[in-house]
Amino acid sequence: MILVTGGAGFIGSNFVLDWLAQCDEPVVNLDKLTYAGNLENLASLQGDARHLFVQGDLGDRALVDRLLAENRPRAVLHFAAESHVDRSIHGPEDFIQTNIVGTFRLLEAVRAHWSALPADEKAAFRFLHVSTDEVYGTLSQEAPAFAETHPYEPNSPYSASKAASDHLVRAWHHTYGLPVLTTNCSNNYGPYHFPEKLIPLMIVNALAGKPLPVYGDGLQVRDWLYVQDHCSAIRRVLEAGRLGETYNVGGWNEKPNIEIVHTVCALLDELRPKADGSSYKAQITHVQDRPGHDRRYAIDARKIERELGWKPAETFDTGIRKTVQWYLAHPEWVQHVQSGSYRDWVSRQYGADA
Ligand code: NAD
Ligand code: TYD
């Protein structure tokens, strides 16, 4: 079995659903259920014995020790993090606590467990750390995309905390021999994305008739990857990645934010036209820029393609259409997130004692 941290979040829940759709290897899912954790994402696994959900903090050493001892996972996949740049600007403390201190505690628990394993299990064990391209900082318009050798130059409290966690993971490999793998991925999008991030926020605000807030001139560039492609990259790195290596994961889809917003509006105009015939684009509002806003991210994903044969299956056009269709088909999920009632899901589903 495998142990996943943060498996009720956006990428983690997509990963758990994909994993169990493709194999029967059980998953222990440790998640604190912060505002970003949503068990409704995993509702289809209710009653499925292959999925063991545990609500808890990855920094709780006694809990993690117990989960490792009882379940003896062959791998730990570490998704849990505070992940939103804007929140990290308003309040960095939780980012330091979960992303840095939490990762440190998790590494120590995993190291103690791994050290005591019999030789064959020890050799097969993996710790996969899920990280971001934001650790590399920002690129000028003409600079080549981030390769794995690019210096770390994080600019936000979020990216600095992720960079610190990457360094800890690297050090636990070099110093203690812990069998680690790290992935640094570009911006994901797709189902179950919390509507504080650009793409889902634009979809849900557009449908609600609210303004679509574009920071500054909207010409900041991100590389976008459909979330299931990120999940397939993680599975591939777990299966065949070289120990101690990092793999950059991206979609070869560099786009300015304003183009993303126009694409979302055009899809909604087609799939859910407004009664008065006007375009959702009329709702676009330029608002004050994010402080320290990185201008451009771009991923050079040739290493993972060359060494592991991984390539994204979706283009941006196919992925964004699927995403908009998913949000249109799941108004209840959106409504529960917006009302906050998704946080009551455990008691609604399992009764007040759960
Ligand atoms: P998310 O914010 O949607 O989910 C994070 C999950 O972690 C939530 O379920 C939350 O409850 C859980 N969590 C937070 N603190 C915890 C703690 N102390 N203990 C246990 N669980 C805790 O994030 P996401 O977008 O799914 O990102 C997952 C990982 O992928 C993160 O490490 C992030 O840095 C990385 N990443 C994200 C993107 C992206 O575009 N979203 C891109 C590259 C890398
Ligand atoms: P976001 O989804 O927060 O991801 P990240 O900051 O990790 O890349 O933002 C993506 C881009 O969209 C980023 O350049 C900031 C911009 N943005 C807006 O213009 N308006 C918004 O309301 C949000 C949330 C983001």
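Here, every reference points to the structure presented above.
Source: prediction; values computed, not measured. (Residues numbered from 1 in each chain as written. Chains lettered and ligands numbered in written order. Predicted model: local features only at pLDDT ≥ 70, side-chain atom pairs only at ≥ 80, totals over all residues. Heavy atoms only, no water.)

## Description of the site of ligand 2
Taken together, 16 residues form the shell around ligand 2, and within it Glu134, Pro213, Arg222, Arg290 and His293 come nearest. In the environment of ligand 2, an oxygen atom lies 2.9 Å from a nitrogen or oxygen atom belonging to the side chain of asparagine 187. Interatomic distance of 2.9 Å between a backbone N/O atom of leucine 198 and an oxygen atom of ligand 2. Every element with two or more residues in the shell around ligand 2 is listed here: α7 (198–207) and β8 (212–215). (Near = heavy atom within 4 Å. Polar contact = N/O pair within 3.5 Å; in protein donor to acceptor, adjacent residues only side chain to side chain. Helix = DSSP H or I, 4+ residues; strand = E, 2+ residues; numbered from the N terminus.)

## Looking at the nonpolar core
Ranked by internal contacts, the top residues of the largest apolar core, which has 67 residues, are Ile2, Val4, Phe15, Leu77, Leu128, Ile304 and Ile320. Ranked by residue count, the leading element in this core is helix α9 (residues 257–271), at 7 residues. Once residues lying within four places of it in the same chain are set aside, the contact partners of isoleucine 320 are Tyr189, Ile199, Thr263, Val264 and Leu267. Counting 23 residues, the second-largest nonpolar core is a separate cluster that includes Val54, Leu67, Leu117 and Phe127. (Core = buried A, V, L, I, M, F, W, Y, C linked by side-chain atoms within 4.5 Å. Buried < 20%, exposed > 50% of the residue type's maximum accessible area, 1.4 Å probe, protein only. Contact = heavy atoms within 4.5 Å.)

## A look at helix α8 (residues 227–240)
Over its 14 residues, α8 extends 20 Å from the first C-alpha to the last, a length consistent with the 20 Å expected when each residue adds 1.5 Å. Burial within α8 is extensive, with 10 of its 14 residues counted as buried. Those residues of α8 lying buried are Val227, Asp229, His230, Cys231, Ser232, Ala233, Ile234, Arg235, Val237 and Leu238. (Expected span 1.5 Å × (residues − 1).)

## Points about the packing of α7 against helix α11 (residues 316–329)
Packing of α7 against α11 brings their axes to within 11 Å, and their N-to-C directions diverge by 45°. With respect to α11, the element α7 is oriented oblique. For α7 against α11, the interelement crossing comes out right-handed. Here Ile199, Pro200, Ile203, Val204 and Leu207 of α7 lie close against α11, whose contacting residues are Ile320, Thr323, Val324, Tyr327 and Leu328. Counted by class, the contact of α7 with α11 contains 9 nonpolar, 1 polar and no charged residues. (Axes fitted to C-alpha atoms, helices over the stretch in contact; angles between N-to-C directions. Parallel < 35°, antiparallel > 145°, perpendicular 65-115°, else oblique. Left-handed = near helix turned anticlockwise from the far one by under 90°. Nonpolar A, V, L, I, M, F, W, Y, C, P; charged D, E, K, R; others polar.)

## With respect to the side chain of aspartate 18
In this structure, aspartate 18 sits in helix α1 (residues 10–22). Buried within the structure, aspartate 18 lacks any salt-bridge partner; its nearest side chain of opposite charge belongs to arginine 235, at an N-O separation of 4.0 Å. Contact partners of aspartate 18, with chain neighbours within four places excluded, come to Gln228, Cys231 and Arg235. (Lys, Arg positive; Asp, Glu negative; His and termini not counted. Salt bridge = Lys/Arg side-chain N within 4 Å of Asp/Glu carboxyl O.)

## What about the packing of α9 against α11?
Axis separation between α9 and α11 bottoms out at 10 Å; the angle between their running directions is 55°. In terms of their interaxial angle, α9 and α11 are classed as oblique. Classified by chirality, the crossing of α11 by α9 is right-handed. Facing Ile260, Thr263, Val264, Leu267, Leu268, Glu270 and Leu271 of α9, the residues of α11 in contact are Phe316, Ile320, Arg321, Val324, Gln325 and Leu328. Grouping the constituent residues of the contact of α9 with α11 by class yields 9 nonpolar, 2 polar and 2 charged.

## Notes on the environment of threonine 5
Structurally, the position occupied by threonine 5 is in strand β1 (residues 2–5). Put simply, threonine 5 and aspartate 289 are 284 residues apart on the chain and 32 Å apart in space, counted from C-alpha to C-alpha. Those residues in contact with threonine 5 that sit more than four places away from it in its chain are Leu30, Leu77, His78, Phe79, Ala80 and Leu106. A polar atom in the side chain of threonine 5 sits 3.0 Å from the backbone nitrogen of phenylalanine 79. A distance of 3.0 Å separates the side chain of threonine 5 from the backbone nitrogen of alanine 80, its partner in a polar contact.

## Topic: the pairing of strand β9 (residues 221–226)
Of all the 6 residues making up β9, 6 are buried; the element is thus mostly covered by neighbouring parts of the structure. Across the two faces of β9 the burial is the same, with Val221, Asp223 and Leu225 and Arg222, Trp224 and Tyr226 all buried. Note that strand β7 (residues 187–189) and β9 share 3 bridges and pair parallel. Each bridged residue has a counterpart across the sheet, and for tyrosine 189 the counterpart in β9 is tyrosine 226. Inspection of the sheet shows β9 paired to strand β11 (residues 254–256) by 3 bridges, in the antiparallel sense. Among the inter-strand pairings, arginine 222 is bridged to a residue of β11, identified as lysine 255. (Pairing = 2+ DSSP bridges.)

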